[in-house]
Structures are given as C-alpha cells and as structure tokens.
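What follows is each chain in one-letter form.
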Amino acid sequence: MQLVGGGRLAFDRNWFATRVAEVKAILPETPRERNHRLETELKQACTVFGLYHGEIDYLLFSTKVYRHGHFVGFIGANEDCWYSNPRKYGLDRFANSASEAITFLGVQPIVAA
C-alpha cells in the first residue's frame, strides 16, 4: 500500500479479506436484498391463494394483486410489516406475513383437487 507522504506499508490480502467478511456479516440487509426477500415471500403467498401480482413498485414495495384477471387489492410491505387494502384509498390492514395480508383482502387459499 502506497502512503500519501511516500513510502510503503505492508498489505496482507488475506487479513483484509477476513476483516471485510466479518464486517459484512454484521451489516443489515441491503435494500436490494430486502426487496428480493419480500418478492420471494409475495410470490409464494400468491401461489397459495391462486393470485398473481402486477409490476412491483420497489421504492415502496407495493403492488396490485389479481385473481382470474380481476383486481383483488393492493399489498405491500414497509419497514415493520406487510399491509393490504382492497381499495386504493382507505384503511390499510397490517399483517406479519404476505399470506396474512392477502387473507385480509378476503381471499381464500386455493384447494388442490
């Protein structure tokens, strides 16, 4: 490693890599990792209920959900929990999971025949 005032400092690549890994392990998830985790949970929940979702607004992590081409409601996640609403405006219902938020929309899971 080259010093600003001249001269060199020994650099141990393995030591540095170890320290970087230690710091990364204690960092909270990045927004991208969070969105990926939430999207995976949403897809799994939609499958259980026979729903599909529209384009996700990743800044707010919210989307519309549909069943058989018919609008069912809005679902999203904030820093603390999932929320859902059958209309664009109105009171949101808060839940601990995407599946629970979908049930607040009045949707029942599909039953395998």
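Criteria and cut-off values
- Counting restarts for each chain, with residues numbered from 1 along the sequence as it is written.
- Note on the predicted model: pLDDT of at least 70 is required for a residue's local features to be given, and 80 or more for side-chain atom pairs to be given and counted; whole-chain, interface and lining totals, by contrast, use all residues.
- Excluded from the side-chain calculation are hydrogens and water; included are all heavy atoms of the structure.
- The helix count covers DSSP runs of H or I at least four residues long, the strand count covers runs of E at least two residues long, and both are numbered beginning at the N terminus.
- Taken over C-alpha atoms, the radius of gyration is set against a globule rule of 2.2 Å times the number of residues to the power 0.38.
- Relative accessibility under 20% of the residue-type maximum defines a buried residue, over 50% an exposed one, and the middle range a partly exposed one, all with a 1.4 Å probe and only protein chains included.
- What makes two residues a contact is simply this: any of their non-hydrogen atoms within 4.5 Å.
- Working definition of accessibility: Shrake-Rupley area with a 1.4 Å probe, residue cover restricted to the visible protein chains.
- Only four residue types enter the charge count, namely Lys and Arg as positive and Asp and Glu as negative; His and the chain termini do not.
- Charged side chains are reduced to one point each, which is NZ for Lys, CZ for Arg, CG for Asp and CD for Glu.
- Paired strands, as defined in this entry, are two strands with at least two bridges between them according to DSSP.
- The term salt bridge refers to a side-chain nitrogen of Lys or Arg lying within 4 Å of a carboxyl oxygen of Asp or Glu.
- Between rings of Phe, Tyr and Trp, where Trp is taken as its six-membered ring, a pair exists when centres lie within 6.5 Å; planes separated by under 30 degrees are stacked, by over 60 edge-to-face, and by other angles tilted.
- Should the NZ of a Lys or the CZ of an Arg lie within 6 Å of a ring centre and within 35 degrees of the ring normal, that charge is described as sitting over the ring.

Q: Outline the overall build of the chain, listing residues and values.
A: Scanning the chain from N- to C-terminus turns up three helices and five strands. Walking the chain from its N terminus toward its C terminus, one meets helices and strands in the order α-α-β-β-β-β-β-α. Taken against the 2.2 N^0.38 rule, which gives 13 Å for 113 residues, the C-alpha radius of gyration of the chain at 22 Å runs more than 25% over that of a compact globule. Seen along its three principal axes, the alpha-carbon backbone of the chain occupies a region of about 70 × 35 × 25 Å. Classification of the 113 residues of the chain by burial places 27% in the buried group. Looking at the chain alone, contacts between residues at least 24 apart form 27% of all its contacts between residues at least 6 apart. Accessible surface, the chain: about 8,500 Å² in total, of which carbon and sulfur atoms supply 59%. Taken as two groups, the 13 positive and 12 negative side-chain charges of the chain have centres that lie 4 Å from each other.

Q: Any details on the pairing of strand S3 (residues 70–77)? Residues and values, ideally.
A: With six of its eight residues buried, S3 lies for the most part within the structure. With six bridges joining them, strand S2 (residues 62–67) and S3 adopt antiparallel strand pairing. Among the inter-strand pairings, Ser 62 is bridged to a residue of S3, identified as Gly 76. As defined by bridge partners, S3 adjoins strand S4 (residues 82–85) across four bridges and the pair is classed as antiparallel. Its bridge partner being in S4, Phe 74 is matched across the sheet by Asn 85. The turn linking S3 back onto S4 is made up of four residues.

Q: Pulling in residues and values, what's your account of the pattern of salt bridges?
A: One pass over the full model with this rule turns up three salt bridges. The salt bridge involving Arg 37 is made with Glu 29; its shortest N-O contact spans 2.7 Å. Judged by its relative accessible area of 42%, Arg 37 falls in the partly exposed class. Taking the shortest distance from any N to any O, the salt bridge between Lys 43 and Glu 39 comes out at 3.5 Å. Here the residue Lys 43 and the residue Glu 39 both occupy positions in helix H2 (residues 31–49), the gap between them amounting to four residues, near one helical turn. For Lys 43, a relative accessible area of 43% corresponds to the partly exposed category. Classification of Glu 39 as buried rests on a relative accessible area of 18%.

Q: Could you give me a rundown of the sheet that holds strand S5 (residues 93–95), with the residues and numbers involved?
A: On the basis of which strands lie adjacent, the open sheet formed by five strands has the order S1-S2-S3-S4-S5 and antiparallel pairing. What marks the edges here is a single partner per strand, and that holds for strand S1 (52–53) and S5.

Q: Which residues make up the packing of aromatic side chains, and what values go with them?
A: The tally for this structure, following the rule as stated, stands at five aromatic pairs. Measuring from centroid to centroid gives 5.2 Å for Phe 71 and Phe 74, while their planes differ by 70°, and the two rings are edge-to-face. Given a relative accessible area of 38%, Phe 71 falls into the partly exposed group. Members of the aromatic cluster, each reached through a chain of ring pairs, are Tyr 52, Tyr 66, Phe 71 and Phe 74. The ring of Phe 104 carries Arg 93 above its face, with NZ or CZ at 4.1 Å from the centroid.

By themselves, these observations are geometric and do not establish any function.
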